[in-house]
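Listed here are the chains, written in short residue letters.
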Amino acid sequence: MEQATQKKVMISGIQPSGDLHLGNYLGPLRHWPAMIEEFDCYFFLADLHTITVRQDPAMLRRRTLEQLASYIACGLDPEKCVLFVQSHVPAHSQLAWVLDCYTMFGELSRMTQFKDKSAKHADNINAGLFTYPALMAADILLYQPDFVPVGEDQKQHVEICRDIANRFNNIYGEVFKVPEPYIAKVGARIMSLNAPESKMSKSMPEGCVFLMEKPEDIMRKFKRAVTDSDTERCVRYAPAEKPGVSNLIQIYAAATGKSYEEVEREFDGQGYGKFKPAVGEAIVETLRPIREEAQRLLTDKTYLESVYRAGAEKADYVANKTLRKVYKKVGFVAR
Ligand code: ATP
Ligand code: LTN
């Protein structure tokens with residue numbers, strides 16, 4: 001580990017609170033395999049974060065393993081990056097408490113995700129939901145990363161993480177590296193297939209395509225995708241006027257690596273009838289090898305266990321170095 005620190009460091013996580021979907025894949029996940037070649041990468045399953053909203057314990061366990069299998073199936077080779085479960089590395093919770101004390105009530109109150117989730121779960125506006133960004137800052141700062149690859153919706157959380165790090169550094173000296181968010185341009189905000197004004201999300205399953213979904217179900221969702229009621233019915237990228245079609249263009253471009261102009265040219269004069277199934281097929285073929293490999297890995301629990309155990313050990317080592325430094329700086333007596 002020590003000599004590898006010449007490379008830039010990256011960290012990111014996804015909550016195993018629902019099955020992984022196309023938004024998670026085309027937004028952050030699909031970019032990660034290339035990053036492991038270039039950077040020292042840490043990818044984790046953010047299980048501590050999931051309990052800010054009530055979870056079914058058995059489902060959470062199942063999804064955590066499934067998500068790990070999907071990470072590997074998407075190309076995250078555990079030999080080349082560190083894959084771990086957040087709750088296996090106690091330093092996350094330990095640093096989160098310290099950072100809670102350097103995070104302001106006012107700044108937490110401004111977080112869009114807190115406002116959205118407390119509106120959605122009005123019966124359970126718990127302290128964890130409110131202080132979530134401090135835990136996320138701990139997740140990040142423990143590893144002294146240069147970049148944090150996330151989807152557009154997490155930018156605000158990376159920004160508050162930077163503010164917390166700067167505040168701490170201003171008091172105690174350069175303890176934390178202040179990381180940059182890393183947001184891919186194409187695919188950063190995939191919209192729901194049946195409500196293209198909202199982001200694709202597991203809480204709206206009809207407009208959401210899951211990575212483990214059967215090809216026929218994926219095709220059905222794409223064929224039913226909402227397009228636009230304009231009269232020209234042409235495949236043209238114009239998000240404000242034609243959100244449905246533009247979203248499909250974005251999905252097709254992300255899956256095939258083509259530019260928006262190339263996609264427009266390919267379907268020029270063909271109407272939506274041909275375009276929608278073509279996008280569906282491109283996604284079915286993109287997801288097929290991932291689904292098959294994840295299913296295969298899920299039959300080998302011993303292997304998955306060996307991956308997350310080794311990951312926790314490596315993560316623990318790096319995280320504890322930062323945690324010890326922080327404890328010392330704030331004045332805790334070493335054990
Ligand atoms: P929810 O359904 O509760 O909104 P989610 O599906 O967005 O949750 P998260 O765990 O919040 O799942 O997101 C994991 C990662 O995927 C984050 O980096 C997030 O930015 C990204 N992401 C989620 N949805 C999309 C989307 N529709 N388009 C692009 N990126 C997305
Ligand atoms: N908040 C993120 C998940 C997450 C994360 C992180 C992402 C938790 N900790 C650290 C990047 C870095 C989400 O809900 N998608």
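Please refer to the structure placed before this passage.
Quick summary incoming for the structure in this document. Note that the structure is predicted; figures quoted are calculated from it, not measured.

Another point: the site of ligand 2. In the vicinity of ligand 2 lie 13 residues, with Q15, Y132, M136, D139 and Q154 positioned nearest. For ligand 2, an oxygen atom lies 3.1 Å from a polar atom in the side chain of Q15. Q154 places a side-chain nitrogen or oxygen 3.0 Å from a nitrogen atom of ligand 2. Isolated, ligand 2 exposes 370 Å² of accessible area, and the fraction of that covered by the protein chains is 91%. Elements with a contribution of two residues or more to the shell around ligand 2: β1 (9-14) and α8 (127-141). The greatest single-element share of the shell around ligand 2, amounting to 4 residues, is contributed by α8. Taken together, the residues of the shell around ligand 2 break down into 7 nonpolar, 5 polar and 1 charged.

A separate point is the packing of aromatic side chains. In this structure the tally under the stated criterion is 18 aromatic pairs. Aromatic pair Y42 and Y143: ring centres 4.8 Å apart, planes at 40°, arrangement tilted. Here Y143 lies in the loop between α8 and β4 (147-149) and Y42 lies in strand β2 (residues 40-45), a separation of 101 residues in the sequence. Owing to a relative accessible area of 3%, Y42 belongs among the buried residues under this scheme. When its relative accessible area of 3% is taken as the criterion, Y143 is described as buried. When the centroid spacing of 5.0 Å and the interplanar angle of 65° are considered together, the rings of Y102 and F168 count as edge-to-face. Within this pair, whereas Y102 is found in the loop between α5 (91-100) and α6 (105-109), its partner F168 is found in helix α9 (residues 155-172), the two being separated by 66 residues in sequence. Members of the aromatic cluster, each reached through a chain of ring pairs, are Y42, F44, F84 and Y143.

Cut-off values and rules
Residues numbered from 1 in each chain as written. Chains lettered and ligands numbered in written order. Predicted model: local features only at pLDDT ≥ 70, side-chain atom pairs only at ≥ 80, totals over all residues. Heavy atoms only, no water. Near = heavy atom within 4 Å. Polar contact = N/O pair within 3.5 Å; in protein donor to acceptor, adjacent residues only side chain to side chain. Areas by Shrake-Rupley, 256 points an atom, 1.4 Å probe, with all protein chains shown as cover. Helix = DSSP H or I, 4+ residues; strand = E, 2+ residues; numbered from the N terminus. Nonpolar A, V, L, I, M, F, W, Y, C, P; charged D, E, K, R; others polar. Phe/Tyr/Trp six-rings, centres within 6.5 Å; stacked < 30°, edge-to-face > 60°. Buried < 20%, exposed > 50% of the residue type's maximum accessible area, 1.4 Å probe, protein only.

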